[in-house]
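Residue strings, one per chain:
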Amino acid sequence: MTSAADMREGAVNEQVVYQNPLLFLKIWEIQSVGVVRQAADPWDWHYHKEVEFLAIVEGGLEVQTMTSLTQLGPGDVMVVGSSRPHRTCCTGGKPLRYLVFQVDLVRHFDQSILPYLHHFSELKRPLEDLNYIFQESARARNEAYALIGDIYEETHKGEAGYEIAVSASIKRLLLLLLRGDDRGLLRGTEEAGVARLRPVLDYVDSRLGERIAVDDVRRLLGMSYHHFIKTFKRTMGIPFVDYVNYNRIKKAERLLLTTDLSIMEVSFEVGIWNMAQFYKLFKRHNQHSPKEFRQRMRN
């Protein structure tokens, strides 16, 4: 069986340019006059780290992933997982119109929903395995279609507060997948695993301005160093250090928006005493420096 890594060797690594860097997404409409691909035509594979949703407005679209070949028609919805090679072509010779929604889902897991990140980490299975939800449930398909349409409209109108509307619709999509997953594919990791880590999550949340060492938190659970590292990543979907840094940067964002602390003071408040490291981590999560972030958000 061809692995994702092998397939990516011959595919184009598409670099997605976000329409709003703070929302980490791109959404646009594709229209075609309905030319059908011939057998000899190139049909290129591509991939990107963003999750992709497709919503067909009219016409037919054929989508191939490593595990499926799917025919989509008007009103249909499909999701392709992060960094999963895929390719598409028009079918039926009729005019085609559809929405492409690419989003870095991880960026939309704030502290309130971070415990659900492990469901969508794709450590055990790609998100496209969830397309059975849209195929078997007209209600879920229609709701997802409407949410993607709302994200498109809000993004392109850009009215006051559209970021709130878009973020809410993305969370509704996540909720739709989570509650619509009757087969339990997203719950491959036991919920008890998150409950067991709760003392660690609470410890991190209350000490973001301090030094947080693996040795300190693993003792809370009575685990060895290596057992804790493996357990945390398997359960939460990200390494422990990345989890801590994610929460530090989210706290830094709030401080930059709601206080007049200097950037150095913000860095110290979130437990990062090396300014070069703070800038590096902040840009990794926001694509902007702390100063640019503050100016952009306040303006």
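Residues numbered from 1 in each chain as written. Predicted model: local features only at pLDDT ≥ 70, side-chain atom pairs only at ≥ 80, totals over all residues. Heavy atoms only, no water.

Caption draft 1: Broad picture of the overall build of the protein chain. If you tally the helices and strands in the protein chain, you get 11 helices and 9 strands. Carbon and sulfur atoms make up 50% of the accessible area of the protein chain, which totals about 15000 Å². (Helix = DSSP H or I, 4+ residues; strand = E, 2+ residues; numbered from the N terminus. Areas by Shrake-Rupley, 256 points an atom, 1.4 Å probe, with all protein chains shown as cover.)

Caption draft 2: Examining the nonpolar core more closely. Ranked by size, the top nonpolar core spans 58 residues in total, and within it Phe-53, Phe-101, Ile-148, Leu-173, Phe-228, Phe-232 and Phe-240 carry the most contacts. Sorting elements by how many residues they give to this core places helix α4 (residues 162-180) first, with 8 residues. (Core = buried A, V, L, I, M, F, W, Y, C linked by side-chain atoms within 4.5 Å. Buried < 20%, exposed > 50% of the residue type's maximum accessible area, 1.4 Å probe, protein only.)

Caption draft 3: Region of the structure containing the sheet that holds strand β7 (residues 77-80). In space, the 4 strands of this open sheet follow the order β2-β9-β4-β7, with antiparallel pairing throughout. Of all strands in the sheet, those with a lone pairing partner are β2 (25-32) and β7, marking the two edges. Each adjacent strand pair in this sheet contributes to an overall mean axis angle of 20°, direction not counted. Packing of helix α3 (residues 138-157) onto the sheet brings it into contact with β2, β4 (51-58), β7 and β9 (96-103), and relative to β2 it is tilted by some 105°. Each of β2, β4 and β9 touches α4; the most contacted strand, β9, lies at about 95° to it. (Pairing = 2+ DSSP bridges. Axes fitted to C-alpha atoms, helices over the stretch in contact; angles between N-to-C directions. Contact = heavy atoms within 4.5 Å.)

Caption draft 4: Spatial organisation of the environment of Gly-93. As for its position among the elements, Gly-93 is in the loop between β8 (87-91) and β9. Taking the C-alpha atoms as reference points, Gly-93 and Val-33, separated by 60 residues in sequence, lie 8.0 Å from one another.

Caption draft 5: Inspection of a nonpolar patch on the surface at higher detail. On the surface, a nonpolar cluster with roughly 320 Å² of combined accessible area is contributed by Met-264, Phe-268 and Trp-273. Mapped onto the fold, Trp-273 is located in the loop between α9 (263-269) and α10 (275-286). Among the residues examined, Trp-273 registers a relative accessible area of 48% and is labelled partly exposed. (Patch = residues over 30% accessible without salt bridge, like charges linked within 9 Å, V, L, I, M, F, W, Y side chains within 5 Å. Salt bridge = Lys/Arg side-chain N within 4 Å of Asp/Glu carboxyl O.)

Caption draft 6: Local environment of the sheet that holds strand β5 (residues 60-64). Strand order across the open sheet formed by 3 strands is β6-β5-β8, with antiparallel pairing between neighbours. The strands lining the two open edges of the sheet, one partner per strand, are β6 (69-72) and β8. Across this sheet, the average inter-strand angle for adjacent strands is 20°, counted without regard to direction.

Caption draft 7: Inspection of unusual backbone geometry at higher detail. In this structure, Phe-24 is a non-glycine residue whose phi angle is positive, near 55°. Within the secondary structure, Phe-24 sits in the loop between β1 (12-13) and β2. What makes Phe-24 buried here is its relative accessible area of 3%. Non-glycine residue Ser-83 carries a positive phi angle of around 60°. Mapped onto the secondary structure, Ser-83 falls in the loop between β7 and β8. Ser-83 gets classed as partly exposed once you look at its relative accessible area, which sits at 21%.

Caption draft 8: Here's a closer look at the pattern of salt bridges. Enumeration over the complete set of coordinates arrives at 15 salt bridges. Ionic pairing is found between Arg-107 and Asp-104, a salt bridge with its closest N-O pair at 3.2 Å. Note on accessibility: Arg-107 and Asp-104 belong to one class, buried. In this structure, Arg-172 engages Glu-143 in a salt bridge whose closest nitrogen and oxygen atoms are separated by 3.2 Å.

Caption draft 9: View of the confidence of the model for the protein chain. With 90% of its residues at a pLDDT of 70 or more, the protein chain shows a mean pLDDT of 87. Predicted confidence in the protein chain is weakest over helix α1 (residues 4-9), with a mean pLDDT of 52, and strongest over α3, with 98. (pLDDT = per-residue confidence, 0-100.)

Caption draft 10: Expanded view of the packing of α3 against α4. For the pair α3 and α4, the least separation of the axes is 9 Å and the interaxial angle reads 160°. Considering their axes alone, α3 and α4 lie roughly antiparallel with respect to each other. Judged by the twist between their axes, the crossing of α3 over α4 is left-handed. Here Arg-139, Ala-140, Glu-143, Ala-144, Leu-147, Ile-148, Asp-150, Ile-151, Glu-154 and Thr-155 of α3 lie close against α4, whose contacting residues are Tyr-162, Ala-165, Val-166, Ser-169, Ile-170, Arg-172, Leu-173 and Leu-176. (Parallel < 35°, antiparallel > 145°, perpendicular 65-115°, else oblique. Left-handed = near helix turned anticlockwise from the far one by under 90°.)

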